[in-house]
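In case you want the letters, here they are:
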Amino acid sequence: MDAKELTKTLIAYNTVSPLSNVEVMDFLTEILEAADCEVERVEYKDPAGVLKVNLIGRKGPVNGERGLALLGHIDTVPAIGWSMDPFEARVADGKMYGRGSCDMKGSVACMIEVASRYAGSKLGAPLYVVITADEEVGYFGATAVAEKSEMFKKHGFPQYGVVGEPTELHAVYAHKGAVRFTVTAHGRAAHSSTGEGDNANLKLIPFLAEMRDIYHELTNDTRYFNDEFTPPFTDWNITISDGECAANITSPLSVCSINYRPMPGDDSQVWIDRARESAEKHGLIFDLYINAPPVRTPPDAEIIEAALEITGADAPKTVAYSTDAAVFAQHMETVIIGPGSILQAHTVDEWMALDQFPQAVSIFSQFVDRFCVA
Ligand SMILES: [Zn+2]
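Okay, so let's go over this structure.

Parameters at a glance
Residues numbered from 1 in each chain as written. Predicted model: local features only at pLDDT ≥ 70, side-chain atom pairs only at ≥ 80, totals over all residues. Heavy atoms only, no water. Donors = N, O, S within 2.8 Å, 3.2 Å for Na, K, Ca; no water. Tetrahedral: all angles 85-135°; square planar, octahedral: opposite > 155°, others 65-115°. Helix = DSSP H or I, 4+ residues; strand = E, 2+ residues; numbered from the N terminus. Buried < 20%, exposed > 50% of the residue type's maximum accessible area, 1.4 Å probe, protein only. Phe/Tyr/Trp six-rings, centres within 6.5 Å; stacked < 30°, edge-to-face > 60°. Lys NZ or Arg CZ within 6 Å of the ring centre and 35° of its normal. 1 Å grid on protein atoms, 1.4 Å probe; cavity = no way out; pocket = protein on both sides within 12 Å on 5 of 7 lines; lining within 4 Å. Points joined across faces, edges and corners; volume = space filled by probe spheres on them. Nonpolar A, V, L, I, M, F, W, Y, C, P; charged D, E, K, R; others polar. Axes fitted to C-alpha atoms, helices over the stretch in contact; angles between N-to-C directions. Parallel < 35°, antiparallel > 145°, perpendicular 65-115°, else oblique. Left-handed = near helix turned anticlockwise from the far one by under 90°. Contact = heavy atoms within 4.5 Å. Salt bridge = Lys/Arg side-chain N within 4 Å of Asp/Glu carboxyl O. Pairing = 2+ DSSP bridges.

**Re the coordination of the zinc ion**
Part 1 of the reasoning: Protein coordination at the zinc ion: the donors are His73 (NE2), Asp103 (OD), Glu165 (OE) and Glu165 (OE), at 1.9 to 2.5 Å from the metal.
Part 2 of the reasoning: Seen from the zinc ion, its 4 donor atoms lie at angles of 55 to 142°, and the figure they make is irregular.
Part 3 of the reasoning: Sequence spacing of the donor residues for the zinc ion, all on one chain, is H-x29-D-x61-E. Of this pair, His73 sits in strand S3 (residues 68–73) while Glu165 sits in the loop between strand S7 (160–163) and strand S8 (172–175), and the two are 92 residues apart along the sequence.
Part 4 of the reasoning: Classification of Glu165 as buried rests on a relative accessible area of 3%.

In structure tokens:
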């Protein structure tokens, strides 16, 4: 099993989040079985009704006290405006280009290569490879795995988890959460000259003013700051859309979306409730669709100290983005560490440096040696 070759094959499957991932997961089921893993498929319907599959591969004893999960996602963000085919891997200048090369099919391939190298009979604790759907759009796959996996119900979760998101193989102990909601105003379209319309944008304005107040509080009041992070405050990012309504039509629909990244120790419910109450007061429809908590594994936890020893780094880091660890860290002691740079994730012409592949395989293997090998 060669991680680089496997990554090329995985890139060729278009697994942009909203699409069905059944085909790639059928392929990966065979790959995990060929690597001598027992495989569980955890299926669910996403919010649009599309069937999604998550995979759990396991080897080693089922009753191990400790155990380790290598955790990755197979979905990607869309690929628009590329200078090459995003679904055909291209190797040049020490880089592998392709959608998902960095975030995070390359990392998933390294995990599978690592799992393939260990005989189950040599393991003293279980080794899991978990591959999820819908990480990029709300951690729905990770949530389904945590709630529905028969394997984890029966044997319990492993004690330790490695979420292999792109950190350039630096150990990350904490990240911000992810909260996303929309607030919708309905109006009535008419030619604006007639006076017959009902402008949805006007209805949104008093709500927007109150959201601006929250934005100023969260980004200026140092009581809400957390110096473990850069920046030390959350975003309370406000976007608005009326579907590019023409200037001479009264807008029939206006939607405000807000992205909020709670930090460890924040009382996120206070801000969510304030936004909900403001929306209701102004007759608007509030819809919370992502509410993932922040992650913070204590820097002196065993998994973090192991990561530092393995990588030779002095101190673990924090990052401002969120990952499936928002779900998995509730069940396992979790570190976020993986190949590739977040600077290349989600970009046009995304790539991963080729030297990250052997380094990731080596680092993931050392976690397995430490937590699974008898
Ligand atoms: Zn990712």
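**Re the packing of aromatic side chains**
Part 1 of the reasoning: According to the stated counting rule, one finds 9 aromatic pairs in the structure shown.
Part 2 of the reasoning: By the ring-pair criterion, three or more aromatic residues cluster together here, those being Phe181, Trp236, Tyr260 and Phe286.
Part 3 of the reasoning: Seen from the ring of Tyr97, Arg90 lies directly overhead, with NZ or CZ sitting 5.3 Å from the centre.
Part 4 of the reasoning: A cation over a ring is seen here: Lys95 above Trp351, with NZ or CZ 4.4 Å from the ring centre.

**Structural notes on empty space enclosed by the protein**
Part 1 of the reasoning: Within the structure shown, the criterion is met by 1 cavity of 30 Å³ or more.
Part 2 of the reasoning: Each pocket or cavity is described by its volume, and for the largest cavity that value is around 30 Å³.
Part 3 of the reasoning: Contributing to the lining of the largest cavity are Thr15, Val16, Ser17, Leu19, Asn21, Lys52, Ile74, Asp75 and Ala133.
Part 4 of the reasoning: Residue classes in the lining of the largest cavity are distributed as 4 nonpolar, 3 polar and 2 charged.

**Some words on the packing of helix H1 (residues 3–11) against helix H3 (residues 101–117)**
Part 1 of the reasoning: Viewed as axis vectors pointing N to C, H1 and H3 meet at an angle of 135°, and their least axial separation amounts to 8 Å. Accordingly, the angle class assigned to the pair H1 and H3 is oblique. Viewed along their axes, H1 and H3 form a crossing whose handedness is right-handed. Contacts from Ala3, Leu6, Thr7, Leu10 and Ile11 in H1 reach Ser101, Lys105, Gly106, Ala109, Cys110, Ile112 and Glu113 in H3.
Part 2 of the reasoning: Looking at the contact of H1 with H3, its residues break down into 7 nonpolar, 3 polar and 2 charged.

**A few points about the pattern of salt bridges**
Should the charged atoms of two oppositely charged side chains come close, the side chains can pair.
Part 1 of the reasoning: Counting across every chain of the model gives 17 salt bridges.
Part 2 of the reasoning: Among the salt bridges present, the one from Asp198 reaches Lys203, with a minimum N-O distance of 3.0 Å.
Part 3 of the reasoning: A salt bridge links Asp221 to Arg223; the nearest nitrogen and oxygen atoms lie 2.7 Å apart.
Part 4 of the reasoning: Under the relative-accessibility criterion, Asp221 is labelled partly exposed at 22%.
Part 5 of the reasoning: On the basis of relative accessible area, Arg223 is assigned to the exposed category, the value being 65%.

**Regarding the pairing of S8**
Part 1 of the reasoning: The pairing of S8 with strand S14 (residues 317–319) spans 3 bridges and is classified as parallel. By the bridge assignment, His175 is partnered in S14 with Val319.
Part 2 of the reasoning: Here S8 runs beside strand S13 (residues 295–296); their pairing, made up of 2 bridges, is antiparallel. Looking across to S13, one finds that His175 is bridged to Val295.

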